[in-house]
Amino acid sequence: MERREGMDFIRERVWRDVQSGRYSGRVATRFPPEPNGYLHIGHAKSIALNFGIAEEFGGVCHLRFDDTNPETEDMEYVESIQRDVRWLGYEWADKQFFASDYYEQLYQLAERLIVEGKAYVDSLDEEGIRRCRGTVTEPGQPSPYRDRSVEENLDLFRRMRAGEFPDGAHVLRAKGDLAAPNMKMRDPLLYRIRHFAHYRTGNAWCIYPMYDYAHPVSDALEGITHSICTLEFENNRAIYDWTLDNLYGEPRPHQYEFARLNLDYTVMSKRKLLQLVEEKHVSGWDDPRMPTIAGLRRRGVTPEGIRLFCRRIGVDKTNSRVQIEALENAIRDDLNARAPRVMAVLRPLRVTLTNYPAGQVEWLEAEYWPRDIDQTGSRRVPLARALYIERSDFSLAPPEDWTRLVPGGEVRLRHAYVIRCDEVVTDPASGEVVELRCSYDPDSLGKSATASRKRSTAIQWVAADEALPVEVRLYDRLFTVPNPDEGEEGKSFKEYLNPGSVEVIGRAYVEPVLAEAAVGSRYQFVRHGYFVVDSDSGGSLLVFNRIVDLPDAFASKLAGKGREIRQPVAQPAEGGVGSISDERERVRAANPWLASRYAELTETLGLTPEQADPLTGSEEVVRFLDVVLAAGASVRAAANWINNDVLRDRKGRSMAELPFSGADLGELLCWVDDGTLTTAAAKRVYAEMAAGQGTPRAIVARLGLDGSVSEGELAAMVAQVLAMLPAKVAEYRSGRQNLLGMFTGQVMRLAGAKADPRQVQQLLRQQLAEEPTGCGEHPTEMSDR
RNA sequence: UGGGGGAUAGUUUAAUCGGCAGAACACCUGACUCUGGAUCAGGCAGUUGGGGUUCGAAUCCCUGUCCCCCAGCCA
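Residues numbered from 1 in each chain as written. Chains lettered and ligands numbered in written order. Predicted model: local features only at pLDDT ≥ 70, side-chain atom pairs only at ≥ 80, totals over all residues. Heavy atoms only, no water.

Caption draft 1: Molecular detail of the overall build of chain A. If you tally the helices and strands in chain A, you get 25 helices and 25 strands. A globule of 785 residues ought to have a C-alpha radius of gyration of about 28 Å, yet chain A, at 37 Å, is considerably larger. In terms of overall dimensions, chain A has C-alpha extents of about 110 × 95 × 50 Å along its principal axes. Sorting the 785 residues of chain A into buried and exposed places 47% on the buried side. Within chain A, contacts between residues separated by at least 24 positions form 69% of all contacts whose residues are at least 6 apart in sequence. Counting every atom, chain A has about 38100 Å² of accessible surface; 49% of that belongs to carbon and sulfur. Looking at charge distribution, chain A has the averaged site of its 99 positive side-chain charges lying 2 Å from that of its 118 negative ones. (Helix = DSSP H or I, 4+ residues; strand = E, 2+ residues; numbered from the N terminus. Rg over C-alpha atoms; globule rule 2.2 N^0.38 Å. Buried < 20%, exposed > 50% of the residue type's maximum accessible area, 1.4 Å probe, protein only. Contact = heavy atoms within 4.5 Å. Areas by Shrake-Rupley, 256 points an atom, 1.4 Å probe, with all protein chains shown as cover. Lys, Arg positive; Asp, Glu negative; His and termini not counted. Charge placed at Lys NZ, Arg CZ, Asp CG, Glu CD.)

Caption draft 2: Quick peek at the nonpolar core. In terms of nonpolar packing, the biggest core is built from 40 residues, with Ile41, Val85 and Phe309 touching the most fellow members. Counting residues per element, the ones that place at least two in this core are helix H2 (41-56), strand E2 (60-65), helix H3 (75-87), helix H10 (293-299), helix H11 (303-313), helix H12 (324-336), strand E24 (529-533) and strand E25 (543-549). Ranked by residues supplied to this core, first place goes to H2 with six residues. Counting residues in hydrophobic clusters, the runner-up holds 33 residues, among them Ala638, Val685, Met689 and Val700. (Core = buried A, V, L, I, M, F, W, Y, C linked by side-chain atoms within 4.5 Å.)

Caption draft 3: Representation of the pattern of salt bridges. On inspection of all chains with the given rule, the structure shows 66 salt bridges. In this structure, the salt-bridge partner of arginine 131 is glutamate 127, at a minimum N-O distance of 3.4 Å. Of the two residues, arginine 131 and glutamate 127 both sit in helix H5 (residues 126-132), four residues apart, roughly one turn of that helix. Classification of arginine 131 as exposed rests on a relative accessible area of 60%. By relative accessible area, glutamate 127 is classed as partly exposed at 37%. (Salt bridge = Lys/Arg side-chain N within 4 Å of Asp/Glu carboxyl O.)

Caption draft 4: A look at the confidence of the model for chain A. Per-chain confidence: chain A averages 91 in pLDDT, with 94% of residues scoring 70 or above. Below pLDDT 50 for its whole length, residues 561-578 participates in seven contacts with residues either more than four positions away or in separate chains. In this model, residues 774-785 is a region of pLDDT below 50 whose contacts with residues beyond four sequence positions or in other chains number 12 contacts. Across the predicted assembly, pTM comes out at 0.91 and ipTM at 0.96. (pLDDT = per-residue confidence, 0-100.)

Caption draft 5: Summary view of the side chain of arginine 146. Looking at where arginine 146 falls in the secondary structure, it is placed in the loop between H5 and helix H6 (150-162). Relative accessible area serves as the criterion here: at 16%, arginine 146 is assigned to the buried category. Among residues more than four places away in sequence, those in contact with arginine 146 are Tyr120, Lys175, Gly176, Leu178 and Asp187.

Caption draft 6: Molecular detail of the packing of aromatic side chains. Applying the stated criterion across every chain yields a total of 23 aromatic pairs. These aromatic residues form a ring-pair network of at least three members: Tyr103, Tyr107, Phe157, Tyr191, Trp205, Tyr208 and Tyr213. When the ring centre of phenylalanine 493 is taken as reference, the NZ or CZ atom of lysine 272 above it lies at 5.4 Å. Lying over the aromatic face of tryptophan 641, lysine 683 brings its terminal NZ or CZ to 5.5 Å of the ring centre. (Phe/Tyr/Trp six-rings, centres within 6.5 Å; stacked < 30°, edge-to-face > 60°. Lys NZ or Arg CZ within 6 Å of the ring centre and 35° of its normal.)

Caption draft 7: How the structure looks around the sheet that holds E24. Strand order in the open sheet formed by seven strands is E10-E23-E24-E25-E21-E22-E11, with mixed pairing between adjacent strands. Looking at the sheet topology across the chains shown, the edges are occupied by strand E10 (341-342) and strand E11 (344-345). Here four bridges tie strand E23 (residues 522-525) to E24, and the two strands are oriented antiparallel to one another. Bridge pairing links glutamine 524 to tyrosine 530 in E24. Helix-sheet contacts for H12 involve E10, E23, E24 and E25, and the interaxial angle to E25 is about 115 degrees. (Pairing = 2+ DSSP bridges. Axes fitted to C-alpha atoms, helices over the stretch in contact; angles between N-to-C directions.)

Caption draft 8: Examining the packing of helix H17 (residues 619-630) against helix H18 (residues 635-650) more closely. Remark: H17 packs on H18, axes separated minimally by 11 Å, with the N-to-C direction vectors making an angle of 135 degrees. Our classification of the angle between H17 and H18 gives oblique. In terms of crossing hand, the pair formed by H17 and H18 is right-handed. Together, Glu620, Val621, Phe624, Leu625, Val628 and Leu629 of H17 and Val635, Ala638, Ile642, Val646, Leu647 and Arg650 of H18 make up the contact between the two elements. Here the contact of H17 with H18 is composed, by residue class, of 10 nonpolar, no polar and two charged. (Parallel < 35°, antiparallel > 145°, perpendicular 65-115°, else oblique. Left-handed = near helix turned anticlockwise from the far one by under 90°. Nonpolar A, V, L, I, M, F, W, Y, C, P; charged D, E, K, R; others polar.)

Caption draft 9: How the structure looks around the pairing of strand E6 (residues 189-193). With four of its five residues buried, E6 lies for the most part within the structure. Pairing of E6 with strand E7 (residues 207-209) involves three bridges; the strand directions are antiparallel. Counterpart to arginine 192 in the pairing with E7 is tyrosine 208.

Caption draft 10: Structural context of helix H19 (residues 662-673). Over its 12 residues, H19 runs 16 Å from end to end, which matches the ideal 16 Å to within 8%, given 1.5 Å per residue. Residues of H19 that are buried: Gly662, Asp664, Leu665, Gly666, Leu668, Leu669, Cys670 and Trp671. Downstream of H19 by one or two residues, glycine 675 has phi in the positive range, about 85 degrees. (Expected span 1.5 Å × (residues − 1).)

Here it is, written out as structure tokens:
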């Protein structure tokens, strides 16, 4: 783990914690599904993140079932989750846990919170609690039960556990802050009464902990270091921290949030997926159109393909929607190297080779792999007088650039002969083409194409009588719109279901060699896509699922353009009222002294309103400014430095808490004003001051910023930098002027802050302008001039 | 509306805490090909708007805009 470059923000956090020894170098993550549904591709992102981090940092990842709600959870889901995580290629060994195993500890810890006066039993009903919670703009009101004694709370809580009360009679709540702007902190619920048999603990409990309480404690119990969850839990972090700060000390687990995955043309919420299953819009959780892990597996996608996809989409905090093409492409990239090629005809058109002897069958050698795949192997394919080719490989009226078969034209049968279409037989009634009568060129087998045949495509085919009839299921996106969750007003996501999301071809033909294909084996049907043998195969009938099709450059060209481009939303023109500056304006309106100082700054001291505004928002800032000015600094410098640097460092504190005084800053600014220090040097000094490293005078002395670099020294450093970057120098000379900033940065790093960047740039321009002495290809030699 | 989070090519994302805006997918050209696949070469295209500080800003300051989350005894 040397390089942090390219790490997502969570890995970077973990990396820093490992470096700093925050957890003695330990890394423990967890994947915490609730067993109330099947895992989907969004979970795969989380699984890859949590297990991936554990692998990369030599840590562990726990599989924990977050089962705190008996009403929705079930063993079936536990088993499906185990199966899916394992299938994705992750191993948790003995690190499998259940929140339900912690019920007793959770309960004891809750009693402790009660004893410490941090939790209470509330006897308000659901409606009452809701009313007392307030709204996002109004604070909540305390429940009349909030001030019960510890004894009473303890007694009630124990009787809750003992089953003395019906559902909803009481709850245990944390004593939070009812006025907290974060709604989650307004006395969050810790326990509720549920007389409901739990799938693991049966009737042992009738009170169940809430997520916000059970989750952090479970993390702590297991020694988790980094608790990674999705963005919608950001507000819950406050309770997470509250719980663990009260029950455990540092080092303790901390929560980090990332954006969940959204995929175009599908839905990703468990509720909606459950609906699709229960209402039979799909055949089950493992319907090949479902974004579930089970569905993807049935579809024929490999775990490696899914992991490749997860790697490519990355991890961030930005809400995003990933294009379905990204998934499809990862799947293809994975399958390309592992699926042998075979021929299949999905929509057959009969071809008779008129000059091929009836009754003769010729078995031709055919490679399984194209040249560019590093695998070998072949099978034999039967050729006979009667064949099928793809209907779409023949055209009576071909579009421009057509390279397949036309009347009178030739085409290569893949792995076999070149044929010519001599006659087209049509159904007199419908006009439909029913048969092609062709002649083959016996001399064309294995011969490379002659110039005249060069532009023909090699099409797939099967021998009509020898081919194996199979069922083929072609899957397409489940929904007709990219985001079914956000359709028109009042429309359910189900109204966007794609009626053509599956097409079953009851009788397609494949090479006889596939007769022995096992369930789950994957092939590329040449020019069609990747297919897998479905578990519905049985008896004499094989069933193939299309996993993903192949890009078809010709088809997309014919269709016109590529995918539609989403228009960015137009931004309304500016206007409106700024809240922070508004606030300052209100302050000034109520404070004549501030108002007069604002007027003075703008009218007689030459500041713009934008500069004067932040300076006059409070009296302490104005007083600070006065001290800076008294020390002799110019108004302009004082205003800029206070606005851009001091106010940032003060954030959330008072001016008095700054580790330096106005006089210090004034002194520093004087040196800038009179040229003693460069701006760059002053920034450096200021940074030290802000870090509490002493007075400006002391810092200048300590860093050796007094005095200056001689022009000669500087010129030498410039030359040295240019010598180290010959390629960049060449680029610059050929016109990439914006490299000057990079050169400047390099020299400044070498010279330290006391060099004047303006002087550096002047020297750089000079040296770079000098002609490369006739050795443009060897710019290294330019260094010592 | 209070609070929390977010905004970099069409999409998903990098950029060593102020110094070369880089990649992948998509799209377009071309080469190659017994898959209109793959591969290879090239191209199009970006810092949410406006001001400021600085030699230099995606990054710092000010000020707008847009998007997401929170008022379950779900997780």
